[in-house]
Amino acid sequence: MNSRSIPVVPARLFPLVAAIVLAGFASTASAQQQTRQPPARAEPAPPAKDYNQRALEIYEFRKAAQSGPERGREIYFYKCWMCHNEFAQGGAPKLVGLFKRPTLVSGDPVNDTTVTAKILNGSPNMPAYKHVLNEGDLADLMSWLRDEKCCWDSETLPLNPRYKGAKAPARAALYGALTGGPKGLVKNARGEPIEGIMVQLISDETAIRTTVYSRKDGHYEFPKVVSGSYTLRIAKPKEFYPFSRTKVEIKGDETIDDITLLRVTPGEFLPPFPQIAAQLSGSEWLQNLPGTGEEKKTLTVYCNFCHEYQQIFRNRYDESGWANIIFRMTHGAGSPLINIRNPGRLTAEEEAKFARWLASVRGPDSKDPNFVVQPRPMGRQTNVIITEYELPRLDISGHDTGGDAERHVWYSTHRSSNVGRLNPANGHVEEFHVPLPPQKNALPGTHWIYVDPKGQVWGSENWAHNIWTLDPKTKDFRRVVWNVEEPINSPMGGNYSLDEEGHIWRLRRGEVSRINGVDGSTMEAIKTKKFASTYGSAMSWDSRYFGGGAWPRDGVVVYDRKTGELYEADTSPNSGPARGEFDGEGNYWSAGRGGSLIKFDIKTKRTHEYPLPTPYTSLYTARADKNGEVWAGELNGGRYLRFDPKTETFTAYTLPEPFSMDRQSWIDNSTNPVSVWYVDHDGWLVHIQPLD
């Protein structure tokens, strides 16, 4: 076997210090007391960096390149674009052609020294990046600011260097079968089997990743994969040193050499190495950082649905810097944060309190704690295959997923002009360019995406305020322009549903509306009494019921088209029902942004709330399959949930990356068992295939 392995650092010996025994006597009776001094331990060696862990690339801004202008563009996107883009309000200067100008806004001449100083020290409206960006980060960012292609173009997002699907050979199916492929054993240094380890094969030909899980006896088994060369690795090893072996030749159902994993430290507390920090889910970050329940709840309620918590906690700012960021995030409209609204989501007092807490846990002088990680999967949680597909472009802000009759998978990009269609058999993606919106200065981007029974693809432009349709065969696009009160680049309700005749349903401005799918005219309007809008829009399988979650309010709306009855049910404070779908019996299931799965029972007309199994997590969407089970990605939990309403129990499938930013899944009811797809916000498609 021709292979190259990431070196696994041997565990160091930890010398023991003998306990000191202290004896003493009481006045009338003797008692012996013994105290033990903790053993002195050598500091563990840092784990090797395995950049096949996407989370580490994201943590270090290295998705596009290890260094240079391409890496600088990535840093620019995350650190500068939100305020300095060509659409943004708030007075931030545009940075295109910066080094061709004579002076900065401050009046200082434009040169490397003054621009670097501005980045490091910030301004009254800009956080200081001196505790966030190191010397290499600054060099790469400056090289991009000087580049003639600077600064950001939603029409031409950066290419993904990992994507190989364009040259993938045609195939009828990705796997010959879900079992019967390569197999092996995972064990620890004592030779004991380890359960719940994610073993992964990455195809050198297609870059498709297949992840399976070691069972209680330490054994794992892959599907029947295509013969060829692969990278064999452990995904998200966390408490173990990484393992990766390249150029592994797979021919069939061969037995792979045992994988022996060594712990980074013998105790449960892991040193805060960046390589480990990058693997933490948002839930694990909040578990480990100090703070009150109220402080952490503020973050989970207001910061859980646009990006992962890692995007917050990989940074360090002073209190003023955090205050600037919080203002922009809570006053900026929608995820592009272009239009500034007053008031924002928080009061001025709440913003200041939130900034103080963030500065205390992620400030220039705050210390990282030793990490405690959540348990590995076990039992039924290991009985699943996770397949991940690279997409052609980076920084797509993936949003919705849909499937067509050929089981091709469609995904939307939230801030760019492309949508894509994946062939799951070989990882090939065909991109479709959405013509730029007719509205002046509107940011392109598709929110909701849906494939109707005729194969026509529907999409919503949340910033430009349009609905478009695409015929994939003719490549013909058609638009319906909404007439709404919201300004361009502010969201206007990007989620819709279609009835049996191809007409659009939504709840906005206190009306449940049926809208002509051809010309956008209103066909029906039913007034609500309690909730003026819903974030989600869903149509039942028989098209009888329309429903949605009333986030940011706490409630659910269901309209019975047959009887004309309208139900507006309250839910618990901060439950925040958002997107959802009906099951086959007409019950509406909604994602609770406050940390629960919510059911509106169509028979009793009552809501039921089921708390999520992982702390500090929430849901964005929920979908029921043909068997009545409900599926949802657990935001900031790094898990995908399967809920059985009959037993009222969750099965949590741990994902190979610590992210699970699922905005809208697609349920493939044609597979047995049912399988699920979603596109992660950070830019890859995920297929979850349970084995039971």
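One structure accompanies this document, and this report is about it. None of the values given here were measured: they were computed from a predicted structure.

**Concerning the overall build of the protein**
Of the regular secondary structure elements, the protein holds eleven helices and 38 strands. Radius of gyration (C-alpha) of the protein: 26 Å, near the 26 Å computed for a compact globule of 692 residues. Its C-alpha atoms put the protein at 85 × 70 × 65 Å along the principal axes. Put simply, the protein has 692 residues, and 59% of those count as buried. Looking at the protein alone, contacts between residues at least 24 apart form 59% of all its contacts between residues at least 6 apart. Approximately 28,600 Å² of the protein is accessible, and the part contributed by carbon and sulfur atoms is 51%. Once the 82 positive and 82 negative side-chain charges of the protein are each reduced to a mean point, those two points are 2 Å apart.

**Topic: helix α5 (residues 135-145)**
Counting along an α-helix, one turn takes 3.6 residues, and residues three or four places apart therefore face a common direction. Summarising burial for α5: eight of the eleven residues are buried, a large majority. For α5, the elements touching its buried residues are α2 (69-79) and α4 (112-121). Where α5 begins, the side chain of Asn-134 points an oxygen toward the backbone nitrogen of Gly-136, at a separation of 3.0 Å.

**A look at the side chain of Gln-439**
Checked against the element boundaries, Gln-439 lands in the loop between β15 (428-433) and β16 (449-451). Here the side chain of Gln-439 touches Asn-466 through a polar contact of 2.6 Å, side chain to side chain. Residues in contact with Gln-439, not counting those within four places in the same chain, are Ala-464, His-465, Asn-466, Val-481 and Ile-488.

**Some remarks on the sheet that holds strand β28 (residues 577-582)**
With antiparallel pairing, the four strands of this open sheet are ordered in space as β28-β29-β30-β31. Looking at the sheet topology across the chains shown, the edges are occupied by β28 and β31 (606-611). When strand polarity is set aside, the average angle formed by the axes of neighbouring strands in this sheet is 25°. By the bridge criterion, six bridges tie strand β30 (residues 596-601) to β31 in an arrangement that is antiparallel. Its bridge partner lying in β31, Leu-597 is registered against Tyr-610.

**Brief notes about the nonpolar core**
Buried together is how nonpolar side chains tend to be arranged in soluble globular proteins. One finds Tyr-76, Leu-145, Val-199 and Leu-299 to be the most contacted residues of the largest nonpolar core, which totals 98 residues. The leading source of residues in this core is helix α11 (residues 348-361), at six residues. For Tyr-76, the contacting residues outside a window of four places in its chain are Trp-81, His-84, Leu-95, Leu-141, Trp-144, Leu-145, Cys-151 and Trp-152. Tyr-213, Tyr-640, Leu-655 and Val-686 belong to the second largest nonpolar core, which has 19 residues in total.

**Quick notes on empty space enclosed by the protein**
A complete count under the given rule lists eight cavities of 30 Å³ or more for this structure. Looking at the largest cavity, its volume works out to about 190 Å³. Here the lining of the largest cavity is composed, by residue class, of eight nonpolar, six polar and six charged.

**Here's the deal with the sheet that holds strand β24 (residues 538-539)**
Pairing within the open sheet is antiparallel, and its four strands lie in the order β24-β25-β26-β27. Bordering the open sheet on either side are β24 and β27 (566-570), each of which pairs with just one other strand. Where strand β26 (residues 555-560) and β27 come together, five bridges link them in antiparallel fashion. Residue pairing for β27: Tyr-559 is matched across the bridge by Leu-566.

**Focus: the layout of surface pockets**
A volume near 1,100 Å³ is recorded for the second largest pocket. Residue lining of the second largest pocket: 43 residues in total, with Tyr-450, Val-451, Asp-452, Pro-453 and Arg-623 positioned closest to the centre. Across the lining of the second largest pocket, the residue classes break down as 16 nonpolar, 16 polar and eleven charged.

**Some words on unusual backbone geometry**
Residue Pro-343 is reached from Asn-342 by a cis peptide bond, and omega for that bond is 0°. On the secondary structure map, Pro-343 appears in the loop between α10 (319-331) and α11. The backbone of Lys-247 shows a phi angle near 55°, a positive value even though the residue is not glycine. Residue placement: Lys-247 occurs in strand β9 (residues 244-250). Phi at Ser-397 is positive, roughly 50°, even though this residue is not glycine. Topologically, Ser-397 is positioned in the loop between β11 (384-390) and β12 (398-403). Residue classification places Ser-397 among the buried positions, given a relative accessible area of 4%.

**Describing the state of the cysteines**
In total, this model carries one disulfide according to the counting rule given. Disulfide pairing places Cys-150 opposite Cys-151 at an S-S distance of 2.0 Å. Measuring the twist about the S-S bond at about 70°, one finds the Cys-150-Cys-151 disulfide to be right-handed. Both residues of the pair, Cys-150 and Cys-151, count as buried.

**A word on the packing of aromatic side chains**
The final tally for this structure, using the stated rule, is 32 aromatic pairs. Where Phe-61 meets Tyr-78, the ring centres are 6.1 Å apart and the plane angle is 55°; that geometry is what we call tilted. Highlighted residues: Phe-61 in the loop between α1 (54-59) and α2 and Tyr-78 in helix α2, separated in sequence by 17 residues. Exposure class is identical for Phe-61 and Tyr-78. Each is buried. Taking 5.0 Å as the distance between ring centres and 85° as the angle between the ring planes, the aromatic pair formed by Tyr-317 and Trp-322 counts as edge-to-face. The pair Tyr-317 / Trp-322 is uniform in exposure class, with both members buried. Aromatic ring contacts, followed pair by pair, group Phe-61, Phe-77, Tyr-78, Trp-81 and Trp-152 into a single cluster. Just above the ring of Trp-551 sits the side chain of Arg-593; from NZ or CZ to the centre is 3.9 Å. The ring of Tyr-620 has Arg-593 sitting right over it, with the charged end atom 4.5 Å from the ring centre.

**Observations regarding α2**
For α2, a buried count of nine out of eleven residues is recorded, marking the element as mostly surrounded by other parts of the structure. Turning to α2, its buried residues are Arg-71, Gly-72, Arg-73, Glu-74, Ile-75, Tyr-76, Phe-77, Tyr-78 and Lys-79. Buried-residue contacts for α2 involve α1, α3 (81-84), α5 and α9 (310-313).

**Regarding the pairing of strand β34 (residues 639-644)**
Burial within β34 is extensive, with six of its six residues counted as buried. With burial as the criterion, each face of β34 is covered, one bearing Arg-639, Leu-641 and Phe-643 and the other bearing Tyr-640, Arg-642 and Asp-644. In this structure, strand β33 (residues 630-634) lies alongside β34, joined through five bridges in antiparallel fashion. When the bridges of β34 are listed, Gly-633 appears paired with Tyr-640.

Parameters at a glance
- Residues numbered from 1 in each chain as written.
- Predicted model: local features only at pLDDT ≥ 70, side-chain atom pairs only at ≥ 80, totals over all residues.
- Heavy atoms only, no water.
- Helix = DSSP H or I, 4+ residues; strand = E, 2+ residues; numbered from the N terminus.
- Rg over C-alpha atoms; globule rule 2.2 N^0.38 Å.
- Buried < 20%, exposed > 50% of the residue type's maximum accessible area, 1.4 Å probe, protein only.
- Contact = heavy atoms within 4.5 Å.
- Areas by Shrake-Rupley, 256 points an atom, 1.4 Å probe, with all protein chains shown as cover.
- Lys, Arg positive; Asp, Glu negative; His and termini not counted.
- Charge placed at Lys NZ, Arg CZ, Asp CG, Glu CD.
- Polar contact = N/O pair within 3.5 Å; in protein donor to acceptor, adjacent residues only side chain to side chain.
- Pairing = 2+ DSSP bridges.
- Axes fitted to C-alpha atoms, helices over the stretch in contact; angles between N-to-C directions.
- Core = buried A, V, L, I, M, F, W, Y, C linked by side-chain atoms within 4.5 Å.
- 1 Å grid on protein atoms, 1.4 Å probe; cavity = no way out; pocket = protein on both sides within 12 Å on 5 of 7 lines; lining within 4 Å.
- Points joined across faces, edges and corners; volume = space filled by probe spheres on them.
- Nonpolar A, V, L, I, M, F, W, Y, C, P; charged D, E, K, R; others polar.
- Disulfide = S-S within 2.5 Å.
- Phe/Tyr/Trp six-rings, centres within 6.5 Å; stacked < 30°, edge-to-face > 60°.
- Lys NZ or Arg CZ within 6 Å of the ring centre and 35° of its normal.

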